[in-house]
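A look at the structure
Each chain, letter by letter, is given below.
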Amino acid sequence: MAKGPAASQHYLECDNCEENPAKFICKTCAGNLCKPCKDKHKNKKINRNHEILSLNSNTEDMLDLFLCPKHVKKRLECYCTPCSEPVCTDCIIQFHNGHSVESLSKVHRKITDYSKQKREQIEDFLLPSHTQLLAKEEEKRSALKKKADEIQEKIDAHTQSMVEIVKNIGQQTVVDLRKAERKGLQEMNKFEKSLEAKVSKLQLMSKQLSANLEAKPQPSIFKSIEHEDLKSLQALPHSAEYTLTDFQPYDMDIENMFGKSPVLDITRSKKMNVSKDRKALDCKNKKEDSDWIPLEFDEKNEKSKN
């Protein structure tokens, strides 16, 4: 066994020297070997026909090394479709008699092809689509702020033309406007965080799929063929349009009727399915915000009313 500091390290030991980390496996002997022991093992005349593989090998040859946990001397050769698990020939006779089975290598190829397909779907369509949608939300944020600023300028201009008593009313209306703006920005922040979480999840799933494809096959790869989490990300979430109704001043008693405060109008777009309609990602909402046109303030008329 490994001694000294190496004893605390976590790695697969060489079955021959029991000191160095194993880098290879002999399919004939079913033994794990380090690089020096592998060379010695291969150079022995009696072992020259032994097939030695790297432990990092991603070939189907590694499947021949899987041993049945119930029958430790039997190799896993088949895959029971109803039970969704690899089985040996003894397992088929004892526990899976009459079940539909396939060769382990065939199922492994199916899993590999499926993982490649889903990774391509994430990297080519889902991840770019969610990222693009996230970028569009930033544009909407700027547009909402710009519109709110434009409305405030008109409110300020209208307020300046009135007597001092209505200035407080105008300031309160601005407060209402900013409340509506903050609500809109809060909604955007919530939606953006949701998109960022989905983008991170898609990136993680893609990374995990890549790792599974690049790593050597393990029995655990057969436990879950379907990626249920990915189904919830097939359709893009509803994207909202944020618009503010315009300020509408009244030509009336200014003290009591300064004007109608802007309110936030949130219009949700239809959910898009990237796999069915990719062109929908390029659609743009051309709806324009209405402008605020202040009414003329008749100061003399207001004084006569008082």
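Scroll up for the structure.
We now turn to the structure provided with this report. Counting restarts for each chain: residues are numbered from 1 in the order of the written sequence. Where totals are concerned, whole chains, interfaces and linings use all residues; where local detail is concerned, this predicted model gives features only for residues with pLDDT of at least 70, and gives and counts side-chain atom pairs only at 80 or more. In computing side-chain values, all of the structure's heavy atoms are included and hydrogens and water are not.

Side note on the overall build of the chain
When helices and strands are counted, the chain shows six helices and eight strands. Listing each helix as α and each strand as β along the chain from the N terminus yields β-β-α-β-β-β-α-β-α-α-α-β-β-α. With a 1.4 Å probe rolled over the protein chains alone, any residue whose accessible area is under 20% of its type maximum counts as buried; one over 50% counts as exposed, and the rest are partly exposed. Per-residue burial for the chain yields a buried fraction of 37% across its 306 residues. Contacts are assigned to residue pairs that have any heavy atoms within 4.5 Å of one another. Long-range pairs, those at least 24 residues apart, make up 63% of the contacts in the chain with a sequence separation of at least 6. Accessible surface computed for the chain: about 19000 Å², of which carbon and sulfur atoms make up 50%. The numbering of helices and of strands both runs from the N terminus, where a helix is a DSSP run of H or I of at least 4 residues and a strand a run of E of at least 2. Here the accessible surface of atoms and residues is derived via Shrake-Rupley with a 1.4 Å probe, and residues count as covered only by protein chains that are part of the display.

Digging into the nonpolar core
Side-chain atoms within 4.5 Å link the members of a nonpolar core, which is a set of buried Ala, Val, Leu, Ile, Met, Phe, Trp, Tyr and Cys residues. Leu 144, Ile 151, Ile 155, Tyr 242, Leu 244 and Leu 264 are the most contacted members of the largest nonpolar core, which totals 14 residues. When contributions to this core are tallied by element, the ones reaching two or more residues are helix H3 (104-160), helix H4 (167-214) and strand E7 (240-244). The biggest single contributor to this core is H4, with five residues. Membership of the second largest hydrophobic core comes to 12 residues, among which are Cys 78, Cys 80, Leu 104 and Val 107.

Description of the packing of aromatic side chains
Pairing of aromatic rings covers Phe, Tyr and Trp, the last through its six-membered ring, and needs centres within 6.5 Å; plane angles under 30 degrees mean stacked, over 60 mean edge-to-face, and all others mean tilted. Throughout the structure, instances matching the rule amount to zero aromatic pairs. Placement of a positive charge over a ring is assigned whenever Lys NZ or Arg CZ falls within 6 Å of the ring centre and within 35 degrees of the normal to the ring plane. Over the ring of Phe 24 we find Lys 38; its NZ or CZ atom is 4.7 Å from the centre of that ring.

Describing the sheet that holds strand E1 (residues 24-26)
When DSSP finds two or more bridges between two strands, those strands count as paired. Overall, antiparallel pairing links the three strands, which are arranged E2-E1-E3 in an open sheet. Strand pairing shows two members of the sheet lacking a second neighbour, strand E2 (31-33) and strand E3 (52-54), which therefore form its edges. Taken pair by pair, the neighbouring strands of this sheet meet at an average axis angle of 30°, ignoring direction. Examined bridge by bridge, E1 and E3 share three bridges and lie antiparallel to one another. The residue bridging Phe 24 from the neighbouring strand is Ser 54, located in E3. To obtain an axis, a line is fitted to C-alpha atoms, over the contacting stretch when the element is a helix, and the angle between two such axes runs from 0 to 180 degrees between their N-to-C directions. This element, helix H1 (residues 35-43), spans E1, E2 and E3 of the sheet and lies at about 120° to E2.

Points about the packing of H3 against H4
Across the interface, H3 lies against H4 with an axial gap of 9 Å and an inter-helix angle of 170°. By the angle between their axes, H3 is roughly antiparallel relative to H4. Tallied by class, residues from the contact of H3 with H4 come to 20 nonpolar, 13 polar and 17 charged. Here is the rule for angles: anything less than 35 degrees is roughly parallel, anything more than 145 is roughly antiparallel, 65 through 115 is roughly perpendicular, and the remaining ranges are oblique. For this classification, the nonpolar set comprises Ala, Val, Leu, Ile, Met, Phe, Trp, Tyr, Cys and Pro, the charged set comprises Asp, Glu, Lys and Arg, and every other residue, Gly included, is treated as polar.

Considering unusual backbone geometry
For Glu 18, which is not glycine, the phi torsion reads 60° and is therefore positive. Counting through the fold element by element, Glu 18 comes out in the segment before E1. Non-glycine residue Ser 84 carries a positive phi angle of around 55°. By secondary structure assignment, the location of Ser 84 is in the loop between strand E4 (78-80) and strand E5 (85-87).

Things to note about H1
All of the buried residues in H1 are Cys 37, Lys 38 and His 41. For H1, the angular spread of the buried residues around the axis is 105°, confining them to a single face. Of the residues in H1, the exposed ones pointing more than 90 degrees away from the buried face are Lys 40 and Asn 43. Note that the arc is defined by the directions from the helix axis to the C-beta atoms.

Here's the deal with the pattern of salt bridges
Only one rule defines a salt bridge in this text: a Lys or Arg side-chain nitrogen within 4 Å of an Asp or Glu carboxyl oxygen. Per the counting criterion, the structure on display carries 11 salt bridges. In this structure, Glu 102 and Lys 106 form a salt bridge, with 3.6 Å as the shortest nitrogen-oxygen distance. Glu 102 gets classed as buried once you look at its relative accessible area, which sits at 19%. Taking relative accessible area as the criterion, Lys 106 reaches 40% and is therefore assigned partly exposed. Look at the salt bridges and you will find they share partners, linking Lys 35, Lys 38 and Asp 39 into a network.

Side note on the sheet that holds strand E6 (residues 101-103)
Working definition: the strands of a sheet are paired by backbone hydrogen bonds and lie parallel or antiparallel to each other. On the basis of which strands lie adjacent, the open sheet formed by three strands has the order E5-E4-E6 and antiparallel pairing. Pairing within the sheet leaves two strands with one partner each, and these edge strands are E5 and E6. The sheet shows a mean angle of 35° between the axes of neighbouring strands, direction not considered. Relative to E6, E4 runs antiparallel, the two being bridged by three bridges. The residue bridging Cys 78 from the neighbouring strand is Ser 103, located in E6. Along the sheet face, H3 touches E4, E5 and E6 and points at about 85° away from the line of E6.

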